[in-house]
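Single-letter residue listing:
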Amino acid sequence: MVLNLKQIYEIVGEKLDADYQISPESLDYVKGYAFSAPISVSAEVVNRAGIVTLTYSVKVLLKAECDRCLSEFEREYAFSFEHILVRSLNSEDNDEYVVTEDDKLELDELAVSDIILSLPSKMLCKEDCKGLCCHCGTNLNDHECNCNG
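Residues numbered from 1 in each chain as written. Predicted model: local features only at pLDDT ≥ 70, side-chain atom pairs only at ≥ 80, totals over all residues. Heavy atoms only, no water.

1. Thoughts on the overall build of the protein chain
Counting secondary structure elements, the protein chain contains two helices and eight strands. When the helices and strands of the protein chain are placed in sequence order, the string is β-α-β-β-β-β-β-β-β-α. Whereas a compact globule of 149 residues would reach a radius of gyration of roughly 15 Å, the protein chain reaches 21 Å, over 25% beyond that. With 149 residues in all, the protein chain has 35% of them scored as buried. Of all intrachain contacts in the protein chain linking residues separated by at least 6 positions in sequence, the fraction that spans at least 24 positions is 55%. Taken as a whole, the protein chain presents about 9500 Å² of accessible surface, with 44% of it coming from carbon and sulfur. A gap of 5 Å separates the mean positions of the 13 positive and 28 negative side-chain charges of the protein chain. (Helix = DSSP H or I, 4+ residues; strand = E, 2+ residues; numbered from the N terminus. Rg over C-alpha atoms; globule rule 2.2 N^0.38 Å. Buried < 20%, exposed > 50% of the residue type's maximum accessible area, 1.4 Å probe, protein only. Contact = heavy atoms within 4.5 Å. Areas by Shrake-Rupley, 256 points an atom, 1.4 Å probe, with all protein chains shown as cover. Lys, Arg positive; Asp, Glu negative; His and termini not counted. Charge placed at Lys NZ, Arg CZ, Asp CG, Glu CD.)

2. So, helix α2 (residues 107–118)
Taking 1.5 Å of rise per residue, the twelve residues of α2 would be expected to cover 16 Å, and the 16 Å separating its terminal C-alpha atoms lies within 8% of that figure. Of the positions making up α2, those classed as buried are Leu107, Asp108, Leu110, Ala111, Val112, Asp114 and Ile115. Of the residues flanking the start of α2, the one acting as N-cap is glutamate 106, its side-chain oxygen 3.2 Å from the backbone nitrogen of aspartate 108. (Expected span 1.5 Å × (residues − 1). Polar contact = N/O pair within 3.5 Å; in protein donor to acceptor, adjacent residues only side chain to side chain.)

3. Some remarks on unusual backbone geometry
One non-glycine residue, leucine 70, lies in positive phi territory at about 70°. Within the secondary structure, leucine 70 sits in the loop between β5 (51–65) and β6 (72–86). In the Ramachandran plot, aspartate 102 falls in the positive-phi region, its phi being about 55° despite a non-glycine side chain. Tracing the backbone shows aspartate 102 in the loop between β7 (97–99) and β8 (104–106).

4. Regarding the confidence of the model for the protein chain
Caution applies to low-pLDDT parts of the model: their predicted coordinates are not meant to be read in detail. Mean pLDDT over the protein chain works out to 92, with 98% of the residues at or above the 70 mark. Averaged over each element, pLDDT in the protein chain is lowest for β7 (91) and highest for strand β4 (residues 39–48) (97). (pLDDT = per-residue confidence, 0-100.)

5. Concerning the nonpolar core
In terms of nonpolar packing, the biggest core is built from 39 residues, with Ile39, Leu54, Tyr56, Val58, Leu85, Leu105 and Leu107 touching the most fellow members. Among the elements that make up this core, the one with the highest residue count is β5 (seven residues). With residues up to four places along the chain from it excluded, the contact list for isoleucine 39 reads Tyr20, Gln21, Ile22, Leu27, Val58, Lys59, Val60, Val112 and Ile115. (Core = buried A, V, L, I, M, F, W, Y, C linked by side-chain atoms within 4.5 Å.)

6. Some points on a negative patch on the surface
Negative charge collects at one region of the surface, where Glu65, Asp67, Glu72 and Glu74 lie side by side. With respect to the helices, strands and loops of the structure, aspartate 67 is situated in the loop between β5 and β6. (Patch = residues over 30% accessible without salt bridge, like charges linked within 9 Å, V, L, I, M, F, W, Y side chains within 5 Å. Salt bridge = Lys/Arg side-chain N within 4 Å of Asp/Glu carboxyl O.)

7. Brief notes about the packing of aromatic side chains
One pass over the structure, following the stated rule, counts three aromatic pairs. Here the aromatic rings of tyrosine 77 and phenylalanine 79 are separated by 5.9 Å at their centres, their planes lie at 5°, and the arrangement is stacked. Judged by its relative accessible area of 12%, tyrosine 77 falls in the buried class. With a centroid separation of 6.1 Å and 40° between ring planes, the pair formed by phenylalanine 79 and phenylalanine 81 is classed as tilted. Phenylalanine 81 sits in the buried class, given a relative accessible area of 12%. (Phe/Tyr/Trp six-rings, centres within 6.5 Å; stacked < 30°, edge-to-face > 60°.)

8. Focus: the state of the cysteines
Following the criterion strictly, the structure yields zero disulfides and no others. No disulfide involves cysteine 66; its nearest neighbouring cysteine sulfur is the one of cysteine 129, lying 3.7 Å away. Here cysteine 66 falls in the buried class, since its relative accessible area comes to 1%. Cysteine 69 takes part in no disulfide bond, and the closest cysteine sulfur to it belongs to cysteine 66, at a distance of 3.7 Å. (Disulfide = S-S within 2.5 Å.)

Put into structure tokens, the structure is as follows:
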């Protein structure tokens, strides 16, 4: 969803709300992650004293493969984010702000990027996953193996 922020930047106290969903089909470009349901986004952009702030929350249902036992599982994640929006920067080396060229913000791209950066680096089906036997490959969550490993 593209948010037009021209009026937000120009009027102190102005506010814009957005509640919508990002369909899993539109996320084919995201490699390494499978989204099982639409991503729910609830956003608010506010100009307070000339500082434009984006605050939003997302809910996402992710289908993943456990990094220890290779079983497929689904898990829901909920995240909240906040960014300061600016029209331009004096320096290229500033990651604290989100630049909105032409007073427009592509919220889908920002949300997906924030989600991916917030996901755990190791995806586990459960916190105490025992994984696979390194000798016979038995899933130790389901059975005990009889090998001497």
